[in-house]
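Below, each chain spelled out in residue letters.
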Amino acid sequence: ASRDIVTRAPPRPISDQALLAMYYSNRAMELAIAGDYTAATPYMTVSLAATHVPGSLNNAGVVALRSGDVAAAARHYRAALARNADHWGALVNLSQPYERLGDSARAQPLRARSERVLARDPFHQFMAGHRAEAAGDYATAVKRYRHAIRLHRSEHRFHSALARALLHQGAT
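Residues numbered from 1 in each chain as written. Predicted model: local features only at pLDDT ≥ 70, side-chain atom pairs only at ≥ 80, totals over all residues. Heavy atoms only, no water.

Turning our eyes to something else, we now look at the overall build of the chain. Across its full length, the chain holds nine helices and zero strands. Shown N-terminal to C-terminal, the secondary structure of the chain runs as helices and strands in the order α-α-α-α-α-α-α-α-α. Dimensions of the chain, computed from C-alpha atoms along their principal axes, come out at roughly 55 × 40 × 30 Å. Of the contacts formed within the chain by residues at least 6 apart in sequence, a portion of 44% connects residues at least 24 apart. Only carbon and sulfur atoms are counted for the fraction: they give 56% of the accessible area of the chain, which is about 10,100 Å². (Helix = DSSP H or I, 4+ residues; strand = E, 2+ residues; numbered from the N terminus. Contact = heavy atoms within 4.5 Å. Areas by Shrake-Rupley, 256 points an atom, 1.4 Å probe, with all protein chains shown as cover.)

Okay, here's the thing in structure tokens:
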């Protein structure tokens, strides 16, 4: 299955504890998306008891924010960023409480950092190229695919997508 998944590096094993933490974090998010924050909270608590990976901390922030606890949400987002300063979700999510409070001086630098993270993410560039290609904007697709290739040269799907977009432009 790993040949069907686009990744930065080959898959690596994780512990059962980390796997369970991801499961509980994802289950909490499913419940939160459905609007059941009360049911989501215990799942998130179990996830955070097992591990403090940035993704779970970011998810905990989302659950806290949607439950109305802005201070707890900000703490979770900052904890995620302490473990991974380039965690795009935590950057964007931490900027939102500041924006709600009208504190653009704190929100704007986080938004700017999040944009820089996306600019360095080959998978974001690839997906932006894919969306542009699907919309018939082949010039933008070519630009985004080339950017993805500069960031991650060894991903053959990026090269295939670029070739397809170039063909749509008439290049042979």
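From this point on, the discussion continues.
Another aspect to go through is helix α8 (residues 138-151). Over its 14 residues, α8 runs 20 Å from end to end, which matches the ideal 20 Å to within 8%, given 1.5 Å per residue. All of the buried residues in α8 are Ala-141, Val-142, Tyr-145, Ala-148 and Ile-149. Looking straight down α8, one finds its buried side chains confined to an arc of 125°; they lie on one side. Turned more than 90 degrees away from the buried face of α8, the exposed residues are Lys-143 and Arg-150. As for α8, its buried residues are in contact with α7 (122-134) and α9 (156-168). (Expected span 1.5 Å × (residues − 1). Buried < 20%, exposed > 50% of the residue type's maximum accessible area, 1.4 Å probe, protein only. Arc of directions from axis to C-beta.)

So, on to the nonpolar core. Residues Ala-40, Met-44, Val-63, Tyr-77 and Leu-94 are the most contacted members of the largest nonpolar core, which totals 26 residues. Elements that contribute at least two residues to this core include exactly α1 (16-33), α2 (37-50), α3 (54-66), α4 (70-83), α5 (88-100) and α6 (104-119). Those residues within four positions of Leu-94 in sequence are excluded, and the remaining contacts are Ala-74, Tyr-77, Arg-78, Leu-81 and Leu-110. With 12 residues, the next largest nonpolar core counts Phe-123, Ala-141, Ala-148 and Ala-161 among its residues. (Core = buried A, V, L, I, M, F, W, Y, C linked by side-chain atoms within 4.5 Å.)

One can describe the packing of α1 onto α3 by two numbers: an axis separation of 10 Å at closest approach and a directional angle of 25°. Taken together, the axes of α1 and α3 lie roughly parallel to each other. The element α1 and its partner α3 pack so that their crossing is left-handed. Taking contact as the criterion, the partners of Ala-21, Ser-25, Asn-26, Ala-28, Met-29, Ala-32 and Ile-33 in α1 are, on α3, Gly-55, Ser-56, Asn-59, Val-62, Val-63 and Arg-66. Within the contact of α1 with α3, the residues separate by chemical class into seven nonpolar, five polar and one charged. (Axes fitted to C-alpha atoms, helices over the stretch in contact; angles between N-to-C directions. Parallel < 35°, antiparallel > 145°, perpendicular 65-115°, else oblique. Left-handed = near helix turned anticlockwise from the far one by under 90°. Nonpolar A, V, L, I, M, F, W, Y, C, P; charged D, E, K, R; others polar.)

A separate point is the pattern of salt bridges. Counted according to the given criterion, the structure contains six salt bridges. Between Arg-27 and Glu-30 there is a salt bridge, and its shortest N-O distance comes to 3.1 Å. Pair noted here: Arg-27 and Glu-30 are both in helix α1, with a separation of three residues, about one helical turn. For Arg-106, the salt bridge goes to Asp-103, with nearest N and O atoms at 3.9 Å. (Salt bridge = Lys/Arg side-chain N within 4 Å of Asp/Glu carboxyl O.)

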